[in-house]
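Residue-level structural notes
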Amino acid sequence: MVTWECGGFSLWSVFGAQLICTLGGDFAYRSDGTKKDPLKIKSMSWGAEGYHLWVISGCGSQNTEIEPEPKSIVKQPGILLFQFIKSALTINPCMSNQEQVLLQGEDRLYLNCGEASQTQNPRSSSVHYKPSSLAEGGFESQSLSTLLGHRHWHVVQISSTYLETNWPIRFSAIDKLGQNIAVVGKFGFAHYSLLTKKWKLFGNITQEQNMIVTGGLAWWNDFIVLACYNISDRQEELRVYLRTSNLDNAFAHITKAQAETLLLSVFRDMVVVFRADCSICLYSIEKKSEGPNTTAGIQVLQEVSMSRYIPHPFLVVSVTLTSVSTENGITLKMPQQARDAESIMLNLAGQLIMMQRDRSGPQIREKDSNPNQRKLLPFCPPVVLAQSVENVWTTCRANKQKRHLLEALWLSCGGAGMKVWLPLFPRDHRKPHSFLSQRIMLPFHINIYPLAVLFEDALVLGAVNDTVLYDSLYTRSSAREQLEVLFPFCVVERTSQIYLHHILRQLLVRNLGEQALLLAQSCSALPYFPHVLELMLHEVLEEEATSREPIPDPLLPTVAKFITEFPLFLQTVVHCARKTEYALWNYLFAAVGNPKDLFEECLMAQDLDTAASYLIILQNMEVPAVSRQHATLLFNTALEQGKWDLCRHMIRFLKAIGSGESETPPSTPTAQEPSSSGGFEFFRNRSISLSQSADNVPASKFSLQKTLSMPSGPSGKRWSKDSDCAENMYIDMMLWRHARRLLEEVRLKDLGCFAAQLGFELISWLCKERARAARVDNFVIALKRLHKDFLWPLPIIPASSLSSPFKNGKLRTGSASLCQVGEQLLKSQSADRFLNLEIDAGLSNVQRSQSWLSNIGPTHHEIDTASSQGPQMQDAFLSPLSNRGDECSIGSATDLTESSSMVDGDWTVVDESFSTLSLTQSELEHISMELASKGPHKSQVQLRYLLHIFMEAGCLDWCIVIGLILRESSIINQILVIIQTTEVDGEMLQNIKTGLHAVDRWASADCPGYKPFLNIIKPQLQKLSEITEEQVHPEAFQPVTVGKTPEQTSPRAEESRSSSGHGSIPQGEVGGSGMVSGKEENTTRAEEEETFQDGTYDCCVS
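Residues numbered from 1 in each chain as written. Predicted model: local features only at pLDDT ≥ 70, side-chain atom pairs only at ≥ 80, totals over all residues. Heavy atoms only, no water.

**Section: the environment of aspartate 466**
Put simply, the rule is: Helix numbering and strand numbering both begin at the N terminus, where a helix is a DSSP run of H or I of at least 4 residues and a strand a DSSP run of E of at least 2. Burial classification: accessible surface area is computed with a 1.4 Å probe over protein chains only, and a residue below 20% of its type maximum counts as buried, one above 50% as exposed, and the rest as partly exposed. In what follows, residue pairs with any heavy atoms lying within 4.5 Å of each other are defined as contacts.
Within the secondary structure, aspartate 466 sits in strand S34 (residues 459-468). A relative accessible area of 40% places aspartate 466 in the partly exposed class. In sequence terms aspartate 466 and cysteine 21 are 445 residues apart; their C-alpha atoms lie 7.4 Å from each other. Ignoring any residue separated from it by four or fewer positions in sequence, one finds aspartate 466 in contact with Phe489, Cys490 and Val491.

This is the structure we're talking about:
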């Protein structure tokens, strides 16, 4: 403990590690701006068991001031009492082979394992005082997340019944599973279950008061092993108690000892004790079942005298039995020798002494009568491994994948940091060279004081004590501070730190890259392994790039080459660069490679997120042309893969590059990126607006806005600058090209996601591409692709259709009403679903500036000519359902719960005969088959959304395709209304007619399930043929006009589309098209119409 004359105090470990310092809170400023008067200590003394520090405080600098209230001035020095908690390893070092952090106070315990139901392995603690000051008796702690347990301390209050006569707590231990705790006070002991939340005490108080634990205690499976002194018998004993039985000496196994036991530790099935006569005794422990009671037997194995090496027994801090030796297990003759290679680690006043088994052979004693002793080899003379050692951690677990970490010895050396005695293994178990060491001691520094080492997880756990300003008690207006306010307020927080990158770096410094690679590969599955590589690269870069002196042998190229061995190389480099100053980037990329090459590697590996991070590097290190070129490559790749968040960031990035350039951008991007622009020229007019504010785009991990200057203001003002216009045109050009490619490949689902995610104004673009990319070239291929993409099943005719009342479009029963029922069923489903189009698809906010549906209402009666119903509107008639065995009404069969659609006049009336019409079992099977042939609800919503989009854009051929998939005659009726009320391109009408003929031929040959629906819409198809002929004949005698509309003045390299069948069709306004000879057109259409009408159809209406 150290105090200063001007105030404050600090606590340090034996070998110089700082544990607590109150200067941060003593000289802090309050919320009102005044400075706190620090606490000055004149004298101090430790209390019992190190839990208390008695302090006599001196007078502060403000004590001499005259106060208006003399009663509030304390002129006499005050006595303060600091309360501390400490690690269990301070007095019970056997906890070093576990992985929990266990802190003990005078009446409570603090655990990091959280709930007892945790599935992780237990974690260890460390030997060292961990102080925590308590202000007004209240303890407050905060914690950092670790891999283990709850984020807060788990506080266990020790039983008050036990503390009444046994205060304070002297020893504590936790089992490997972190579910049970044992504590030792003045007399006896008690244990606590974290599962049941109950304490178990001695039933006989005399037995408890008759034993004093002297050498600590440890857990072995479900048993508690402790060394104690029997007061009544005046005998040193070694006792074993079963956790599940009552605490009574009758259920304990007691072994007498020759001398007082000072230290105790458990290793596998062995117990090692250090006694006051400077001797070490090894015991074997095994579980025994004697009748209903289960006990553990202890037997002496070996005794080793250490009086020659230990000047005084109380200088021994810890004794541990481990499997660590100078041999790494490969050079041993037998595999089981690796398990039996126990070594004794003795911490003698900071000197770590190791005694290994002597395997030379002649020293084995064969004449001993005890057969157990014949198996144990004697120990070699001790060897000093390290100095200034405070704590030692080892484990008895084995893991072939992580042998480096589990077979290592971990040391805490106070102010010198930590050390690890690491084994070295040859690659592929080759025979090691005789001149190479099999172990190496590597020092490294960490920022916390270690309390536990997680071996497989490559983590160090600790607890940090921080002093904070606490002035809530200072409520009086006087300048004289109360003594309570001067009292330091300390907070103990849990923390952890990764140490793997320190070890890898030390191995690389010593030219042990092969060992470093083996170690890193064994830990590559850890979730924070990428952070390990990043830390190592960052630390080496910071040290070497900021060094004032030249470095003769820089380590950064070696580290860069080492990281390239892992697939995380690209990600590690860019993350390190993003967290490093720009001035160090040249030094970094001189070692790891050109950032342009690394960016291209990311694209080849399809790692678009990492490639986006490299764009930030390129923007700062390269000219804007290079940044735009690479951003375009990434943007196109992200569009193709559907990375919509990344696409939005790329749009902002490309706009920021243009707005941040000092020179005027070129008129065409082909000079800068010939591979991605495709020779496009900028359009003079735009059809869509894609500008977005940086605030409207959700933040992501790329955080492009940190280094980019975002354009601000509404989208309508961006045309004020030519550079903004050029950049937006360039972005629109790429978006249009991608949309065109999606349509050409019949990827309507991807097209819908693309438009919805990026705010692409699909309707405006489709209006321009109606006669080009938005034209359906092959109805059959489009139909098949939509069925596949939207998981929509193809319609089928059930096997029972042979017995169906429908055959070749005629009723075999002679009843015409049932045929009407089948048609009405399809039409009612069509109308009922179309009613909910806007509700399901969320189309209430869609602009309808050029609505093709606005004329449907007034002319809705024209559809009735193709329907079986009359044109007059009648009132709907509802009748109760009849229950007559297996018969049911048409209402129950179709589940019609809503009125007819306003765009479908086919079933506006439900006649009374329908409500009483009975259906047979076969007919119900047909109806259920039709209902089950629909696709998922989500696909249905998406198809109806696309139907609305295409209808608004006037792409009637796509509307026909979607109507065929949904098998709704109402859609065909809508198209007829549009054709009749508006001027539709004759080329489109001819394309629709040709496509429907192709679908009919395909249905006849490969998909007969479509035949019933085609038979139902046959009147509409005939009407379509008549309309086509009417539009062709009047224009047959008109001169052929070969010209271009204003929209065709925007040349594009991809407009030719030589690979497509319709690439040469010019773009025109609605109602205008390039016409062919009227006579040839009429002849061709008449022949097609005759073929279409004369064909016979197998009608099977379900």
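Don't stop here, the text continues.
**Digging into the side chain of aspartate 957**
How we decide: Note on charges: Lys and Arg go in the positive column, Asp and Glu in the negative column, and His and the chain ends are not counted at all. By definition here, a salt bridge exists when the distance from a side-chain nitrogen of Lys or Arg to a carboxyl oxygen of Asp or Glu is within 4 Å. Polar contacts, as counted here, are pairs of nitrogen or oxygen atoms within 3.5 Å of one another; within protein the pair requires one atom able to donate a hydrogen and one able to accept it, and residues that are adjacent in sequence qualify only if both atoms are side-chain atoms.
Of note, aspartate 957 is situated in helix H29 (residues 956-966). As a buried residue without a salt bridge, aspartate 957 has its nearest oppositely charged side chain in arginine 775, at a separation of 5.7 Å. Polar contacts involving the side chain of aspartate 957 include one to the main-chain amide nitrogen of valine 776, which spans 3.1 Å. With near-sequence residues (within four places) excluded, aspartate 957 lies in contact with Ala774, Arg775, Val776, Phe779, Asn991 and Ile992.

**Some details on the pattern of salt bridges**
Under the defined criterion, the tally for this structure stands at 23 salt bridges. In this structure, arginine 239 and glutamate 237 form a salt bridge, with 2.8 Å as the shortest nitrogen-oxygen distance. The exposure classification of arginine 239 matches that of glutamate 237, with both residues buried. When the shortest N-O distance is used, the salt bridge between arginine 747 and aspartate 750 registers 3.0 Å. A network of salt bridges, in which partner residues are shared, links Glu640, Arg741, Glu745, Arg747 and Asp750.

**Observations concerning the pairing of strand S15 (residues 189-193)**
The criterion, for reference: Following DSSP output, two strands are said to pair if at least two bridges run between them.
Here S15 lies mainly inside the structure; five of its five residues are buried. On S15, burial covers both faces: Phe189, His191 and Ser193 on one face and Ala190 and Tyr192 on the other are all buried. Where strand S14 (residues 180-184) meets S15, five bridges bridge the pair, whose relative direction is antiparallel. Residue pairing across strands places valine 184 opposite phenylalanine 189, the latter belonging to S15.

**A word on H29**
Most of H29 sits out of view: eleven of its eleven residues are buried. By the burial criterion, the buried members of H29 are Leu956, Asp957, Trp958, Cys959, Ile960, Val961, Ile962, Gly963, Leu964, Ile965 and Leu966. One or two positions beyond H29, positive phi appears at arginine 967, with a value near 55°.

**Brief notes about the sheet that holds strand S16 (residues 198-200)**
Definition in use: Every axis in this analysis is a line fitted to C-alpha atoms, fitted for helices over the stretch in contact. Angles between the N-to-C directions lie between 0 and 180 degrees.
Strands sit in the order S13-S14-S15-S16 across an open sheet of four strands; the sheet is antiparallel. With one partner strand each, in any of the chains shown, strand S13 (171-174) and S16 form the two edges of the open sheet. Strand after strand, the sheet turns through a mean of 20° between neighbouring axes, direction not considered. Where S13 meets S14, four bridges bridge the pair, whose relative direction is antiparallel.

**Some details on unusual backbone geometry**
Excluding glycine, residues mostly have negative phi values, and the peptide bonds linking residues are mostly trans. Note that the residue after tryptophan 167, namely proline 168, is joined by a cis bond; omega there is -5°. Tracing the chain through its elements places proline 168 in the loop between helix H2 (160-166) and S13. Although it is not a glycine, asparagine 221 adopts a positive phi angle of roughly 55°. Note that asparagine 221 resides in the loop between strand S17 (211-220) and strand S18 (223-230).

**Digging into helix H8 (residues 500-509)**
With eight of ten residues buried, H8 is to be regarded as a mostly interior element. Every buried residue of H8 is accounted for by Leu500, His501, His502, Ile503, Leu504, Arg505, Leu507 and Leu508. Where H8 terminates, the next one or two residues include asparagine 511, which has phi positive at roughly 60°.

**Side note on the packing of H8 against helix H10 (residues 529-545)**
Basically, it comes down to this: Here the angle decides the label: under 35 degrees means roughly parallel, over 145 means roughly antiparallel, 65 to 115 means roughly perpendicular, and every other value means oblique. Rotating anticlockwise by less than a right angle from the far helix to the near helix defines a left-handed crossing, while the corresponding clockwise rotation defines a right-handed one. Ten residue types, Ala, Val, Leu, Ile, Met, Phe, Trp, Tyr, Cys and Pro, are classed as nonpolar, four, Asp, Glu, Lys and Arg, as charged, and the remainder, Gly among them, as polar.
Between H8 and H10, the shortest axis-to-axis distance is 9 Å and the interhelical angle comes to 55°. On the basis of their axis angle, the class for H8 and H10 is oblique. Where H8 crosses over H10, the two elements pack in a sense that is right-handed. Only Phe529, Val532, Leu535, Met536, Glu539, Val540 and Glu543 of H10 make contact with H8, whose side of the interface consists of Leu500, His501, His502, Leu504, Arg505 and Leu508. Taken together, the residues that form the contact of H8 with H10 break down as eight nonpolar, two polar and three charged.

**Examining the environment of isoleucine 41**
Relative to the helices and strands, isoleucine 41 resides in strand S4 (residues 41-46). The spacing of isoleucine 41 and glycine 8 is 33 residues in sequence and 7.6 Å in space, taken between C-alpha atoms.

**With respect to the packing of helix H13 (residues 585-592) against helix H15 (residues 608-621)**
The contact between H13 and H15 brings their axes to 12 Å, and the two run at 120°. Taken together, the axis directions place H13 and H15 in an arrangement best described as oblique. When the axes of H13 and H15 are compared, the crossing they make is left-handed. Along the contact surface, H13 presents Trp585, Asn586 and Phe589, while H15 presents Tyr614, Ile616, Ile617, Asn620 and Met621. Its residues placed into classes, the contact of H13 with H15 shows six nonpolar, two polar and no charged.

**Section: a nonpolar patch on the surface**
Applied cut-off: Residues qualify for a patch when their relative accessible area is over 30% and they have no salt bridge, like charges being joined within 9 Å and the nonpolar side chains of Val, Leu, Ile, Met, Phe, Trp and Tyr within 5 Å. Throughout, the Shrake-Rupley method with a 1.4 Å probe supplies accessible areas, and for residues the shown protein chains are the sole cover considered.
On the surface, a cluster of nonpolar side chains totalling about 400 Å² of accessible area is made up of Val2, Trp4, Trp12, Leu23 and Phe27. Inspection of the secondary structure puts phenylalanine 27 in the loop between helix H1 (23-26) and S4.

**Digging into the side chain of lysine 402**
With respect to the secondary-structure elements, lysine 402 resides in the loop between strand S29 (391-393) and helix H6 (403-406). At 5.2 Å, aspartate 457 is the nearest oppositely charged side chain to lysine 402, a buried residue that forms no salt bridge. Engagement of the side chain of lysine 402 in a polar contact is seen with the backbone oxygen of glutamate 456, the distance being 2.8 Å. Setting aside its immediate chain neighbours within four residues, lysine 402 contacts Glu456, Ser522 and Leu526.

**Details of the nonpolar core**
The cut-off we apply is this: To qualify as a nonpolar core, a set must consist of buried Ala, Val, Leu, Ile, Met, Phe, Trp, Tyr and Cys residues joined through side-chain atoms within 4.5 Å.
Core analysis: the largest hydrophobic core is formed by 212 residues, its most contacted members being Trp410, Phe562 and Trp958. In this structure, tryptophan 958 is in contact with Leu743, Val746, Leu748, Ala774, Arg775, Val776, Ala782, Leu786 and Phe950, ignoring residues within four places of it in sequence. Val272, Val316, Val319 and Met355 belong to the second-largest nonpolar core, a separate cluster that totals 23 residues.

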